[in-house]
Amino acid sequence: MKESLKAVAVQAEAKFGDAVSRVIAAHSELTLEIKRDQVTKICRQLRDDPDFAFSQLTDLCGIDYLTYRQEAAEGRRQGPRFAVVYQLLSLKYNHRLRLRSFLDDELPMVASVVDIWNSANWYEREAFDLFGIVFEGHPDLRRILTDYGFIGHPFRKDFPLSGEVEMRYDAEKQRVVYQPVSIEPRINVPRVIRVTEIRNYTMNFGPQHPAAHGVLRLVLELDGEVVQRADPHIGLLHRATEKLAESKPYNHSIGYMDRLDYVSMMCNEHAYVLAMEKLLGVTPPIRALYIRTMFDEITRILNHLLWLAAYGLDLGAMTMFLYCFREREDLFDCYEAVSGARMHATYYRVGGVYRDLPDTMPQYQPSKWHSKKDCDRLNRNRQGSLLDFIWDFTERFPGNIDDYETLLTDNRIWKQRTVGIGAVSPERALQLGFTGANLRSSGVAWDLRKKQPYAAYDQVD
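Conventions we followed
Residues numbered from 1 in each chain as written. Predicted model: local features only at pLDDT ≥ 70, side-chain atom pairs only at ≥ 80, totals over all residues. Heavy atoms only, no water. Helix = DSSP H or I, 4+ residues; strand = E, 2+ residues; numbered from the N terminus. Salt bridge = Lys/Arg side-chain N within 4 Å of Asp/Glu carboxyl O. Phe/Tyr/Trp six-rings, centres within 6.5 Å; stacked < 30°, edge-to-face > 60°. Lys NZ or Arg CZ within 6 Å of the ring centre and 35° of its normal. Expected span 1.5 Å × (residues − 1). Bend = angle between axes of the 7 residues up to and from the residue. Buried < 20%, exposed > 50% of the residue type's maximum accessible area, 1.4 Å probe, protein only. Contact = heavy atoms within 4.5 Å.

Caption draft 1: Spotlight on unusual backbone geometry. Cis geometry is found at the peptide bond from Gly206 to Pro207, where omega equals 0°. Locating Pro207 in the fold gives a position in the loop between β10 (201-205) and β11 (217-223). Unusually for a residue other than glycine, Ala455 sits at a positive phi of about 50°. You can see Ala455 is positioned in the segment after α15 (448-451).

Caption draft 2: The pattern of salt bridges, seen in detail. Counted according to the given criterion, the structure contains 32 salt bridges. Asp129 is the salt-bridge partner of Arg143, the closest N and O atoms lying 2.6 Å from each other. Here Arg143 is found in the loop between β7 (134-136) and β8 (165-170), whereas its partner Asp129 is found in helix α4 (residues 120-131), with 14 residues between them in sequence. If you follow the salt bridges from partner to partner, you end up with Glu297, Arg300, Arg440, Asp447 and Arg449 in one network.

Caption draft 3: The packing of aromatic side chains, seen in detail. Enumeration according to the criterion identifies 13 aromatic pairs in this entry. Of the aromatic side chains, those joined through ring pairs into one cluster are Phe295, Phe332, Tyr335, Tyr347 and Tyr348. Over the face of the ring belonging to Tyr348 we find Arg292, whose NZ or CZ atom lies 5.7 Å from the ring centre. The ring of Tyr323 carries the charged tip of Arg326 above its face, separated from the ring centre by 4.6 Å.

Caption draft 4: Molecular detail of helix α11 (residues 386-409). In this model α11 runs 33 Å from its N-terminal to its C-terminal C-alpha over 24 residues, within 8% of the 34 Å that 1.5 Å per residue would give. Its axis deflected by about 30° at Arg396, α11 carries its strongest bend there, up to four residues before the proline Pro398. Considered for burial, the residues of α11 that qualify are Leu386, Phe389, Ile390, Phe393, Phe397, Asn400, Tyr404 and Leu408. In this fold, the buried residues of α11 make contact with α8 (286-314), α9 (318-339) and α12 (412-418).

Given below as structure tokens:
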């Protein structure tokens, strides 16, 4: 464990006293177990005290220890069923801290920390939705991923994997059929709206709208073209991956990570296998670390190409979409070369990767879609290994970026829709839990690959 974290442990015990029930140091990480009624006091001091300076809440989640209690006879830990876990980051000292607070079994409840870190808003709603944990003082505590009429809390250990369904015998079909449990209807109270009350226009945006890509619904309050308020509904793509993972060995869930965010496939795999390797004390060979670093960067380029293409298309720049997807096809060829799949690769493994880099690239064959002349042109940069193909891409790509610049950077419509729109101050970005390019664009010099390097990032520029 870093010396700076050891100092945090000493200072926390001295400053918080009996409010800290236990200090746990494991796998180079530090966890403070704190009393439920002291959560807001401790969190506020961890943020404001210059000796701590934990300016960002990067995650908050609930935990159900039901199975631990059931296995107490086998020597497993005993204690309360529910807990809330807070993941904190200090950019000033470049280290992380985990807080855990156990809650009452009958009514799991704890004070909200939204007024300390605004990023807790959605995190707490998620813990409420999936675990039934109540956060006192939350400004808008309601479900966020499941439907408003959903019954139960699906991440509790006693919630069935198949969901809340009931079985009945259908005499006509002569078999057992499954049907959802009845959902309590919502009561709609009609209200007469007088003309004098109307101020702004409320509009539903998505999920059917092409710009919402089928996964996002926004209830927008508009004053002309200016969005005054937005209520996002983000649960349309939620698959309860954590619930699915409970029924499988750890390594069988790597494929689910590709689907968490289908533009960051291998990066998600990487985070998952890194967690397992830390728990197991496994260090992959150096070649595997370099392969992971390379494919992480390929995935990031795929990411940037998609947002640029989709945003350009949303503003009417059809050419931008075609150009970006042309380059994405080359990078998907790299995915396919190592895994056999163009998106959901399941390539990373605990201790390394699925296979080494291939010495040859697949070749286009003449067909009704491609003539022999077309195939010769498409195969020109596929005569060597995968590394040769990637090198050729890196030689061509800067010229492609110049084309993007020509199309967009000084475009009047592009500038009207981007310059000064949605600008976020550094302080606000930290409060909202921004990371990566969004945080850097707000003026905060923070790149995880440099500040807390993993894989082979400490070996490359």
